[in-house]
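Single-letter residue listing:
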Amino acid sequence: MRIDAITIFPDYLRALDLSLIGKAARDGLISVHRHDLREWAHDRHRTVDDSPLGGGAGMVMKPEPWAEAFAAVIEQGKAELGPQAEPLIVFPNPAGQVFAQATAQEWSGREWILFACGRYEGIDERVYEHLEAAGHEIALVSLGDYVLNGGEVAVLALTEAIVRLVPGVVGNAESLVEESHSDGLLEYPLYTRPARWVDPAGAVREAPEILLSGDHGRIAAWRSERSAERTRERRPDLWDARD
Ligand SMILES: Nc1ccccc1-c1cnco1
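Going by what an unreviewed UniProt entry lists, the chain is known as tRNA (guanine-N(1)-)-methyltransferase and is assigned to Brachybacterium endophyticum. Looking at the chain in UniProt, the text filed under Subunit (unreviewed entry) is "Homodimer." Checking UniProt for the chain, the heading Function (unreviewed entry) contains the comment "Specifically methylates guanosine-37 in various tRNAs."

Given below as structure tokens:
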């Protein structure tokens, strides 16, 4: 998988060189390419924003730098992947569809994802129109109903959620199966050693006996019950939406 990200803060995305994502890149499972939008802003101040037409607070990202940036980055991607390759262009956006595990799973199979990080109040609407008119596939995704200052934080989260599902990235694929949301439910409570822990307040806290029984069938049933119970209590929306 090739991942491109266009941003005015490329250093914000240096975290993609670390840990799981960084290792996947070093292992050749993915390639990550950061691009500074200002490279395509040609005035002396490398301006990427201006006041909103029609008035209002804040600034809007100008269409010209974006159009040039997309053309250049897509040309670079095609040079690597072949002239037929097409990116999924993802705009983190509070007005987008809320991102979910099913989308992460679907996008983990894509050959090429191009993230576009908006800042300020947002990007001139004609950029979206221009990309769609050129036949590009675009998706606007939100991480949830809250406001960020820009798309970079969202790109870190989206990239981790997607790339960890790329085959070979997570050593033990088994660990991907029993996670919250992997089956539409919340994960069961987890315990490790010591089985008997005296906490700093002096309280004795025992792990559930069943987990020490060695009876894998009963343990699996207990975990399934806890997962259902936890989902009903904390996320009735997920519980009601399950198959
Ligand atoms: N608030 C934002 C501003 C810019 C780019 C993304 C967002 C966002 C994404 N998910 C929630 O908010």
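## Description of the overall build of the chain
Helix and strand counts for the chain stand at eight helices and nine strands. A globule of 243 residues ought to have a C-alpha radius of gyration of about 18 Å, yet the chain, at 22 Å, is considerably larger. Overall size of the chain, expressed as C-alpha extent along the three principal axes, is 70 × 45 × 40 Å. For the chain, buried positions account for 40% of its 243 residues. Considering only intrachain contacts with a sequence separation of at least 6, the fraction spanning at least 24 residues in the chain is 72%. Total accessible area on the chain is roughly 14000 Å²; 51% of this is exposed by carbon and sulfur atoms. In the chain, 25 side chains carry a positive charge and 40 a negative one; their mean positions are 6 Å apart.

## So, the sheet that holds strand β5 (residues 88-98)
An order of β2-β1-β6-β5-β7 is seen for the five strands of this open sheet, with the pairing classed as parallel. Both edges of this open sheet fall to β2 (31-36) and β7 (137-142), since each of them pairs with a single strand only. The sheet shows a mean angle of 30 degrees between the axes of neighbouring strands, direction not considered. Pairing of strand β1 (residues 2-7) with strand β6 (residues 112-116), which is carried by five bridges, proceeds in the parallel orientation. What sits directly across from Arg2, in β6, is Trp112.

## Thoughts on the packing of aromatic side chains
Under the definition given, this model contains four aromatic pairs. Aromatic rings pair up to connect Trp66, Phe70, Phe91 and Tyr128 into one cluster. The cationic tip of Arg232 hangs over the ring face of Trp239; the distance from NZ or CZ to the ring centre is 4.9 Å.

## Thoughts on the pattern of salt bridges
Evaluation of the coordinates by the stated rule reveals 16 salt bridges. The partner of Glu152 in a salt bridge is Arg119, and the shortest N-O contact between them spans 2.9 Å. Of this pair, Glu152 sits in helix α5 (residues 152-163) while Arg119 sits in the loop between β6 and α4 (125-133), and the two are 33 residues apart along the sequence. Residue classification places Glu152 among the buried residues on the basis of a relative accessible area of 0%. Residues participating in the shared-partner salt-bridge network are Asp11, Arg14, Asp17 and Arg34.

## Some points on the nonpolar core
Taken as a class, soluble globular proteins show a tendency for nonpolar side chains to be buried jointly. Ranked by size, the top nonpolar core spans 29 residues in total, and within it Trp107, Phe115 and Ile162 carry the most contacts. Put simply, the parts of the chain that give this core at least two residues each are β1, α1 (19-26), β5, α3 (101-107), β6, β7 and α5. Here the element with the most residues in this core is α5; it accounts for six residues. In this structure, Ile162 is in contact with Met1, Phe99, Ala104, Trp107, Ser108, Ile113 and Phe115, ignoring residues within four places of it in sequence. Judged by nonpolar contacts, the second largest core, of 23 residues, contains Ile6, Met61, Trp66 and Ala116.

Reading guide: rules and limits
- Residues numbered from 1 in each chain as written.
- Predicted model: local features only at pLDDT ≥ 70, side-chain atom pairs only at ≥ 80, totals over all residues.
- Heavy atoms only, no water.
- UniProt positions renumbered as here; feature names shortened; annotations may be inferred.
- Helix = DSSP H or I, 4+ residues; strand = E, 2+ residues; numbered from the N terminus.
- Rg over C-alpha atoms; globule rule 2.2 N^0.38 Å.
- Buried < 20%, exposed > 50% of the residue type's maximum accessible area, 1.4 Å probe, protein only.
- Contact = heavy atoms within 4.5 Å.
- Areas by Shrake-Rupley, 256 points an atom, 1.4 Å probe, with all protein chains shown as cover.
- Lys, Arg positive; Asp, Glu negative; His and termini not counted.
- Charge placed at Lys NZ, Arg CZ, Asp CG, Glu CD.
- Pairing = 2+ DSSP bridges.
- Axes fitted to C-alpha atoms, helices over the stretch in contact; angles between N-to-C directions.
- Phe/Tyr/Trp six-rings, centres within 6.5 Å; stacked < 30°, edge-to-face > 60°.
- Lys NZ or Arg CZ within 6 Å of the ring centre and 35° of its normal.
- Salt bridge = Lys/Arg side-chain N within 4 Å of Asp/Glu carboxyl O.
- Core = buried A, V, L, I, M, F, W, Y, C linked by side-chain atoms within 4.5 Å.

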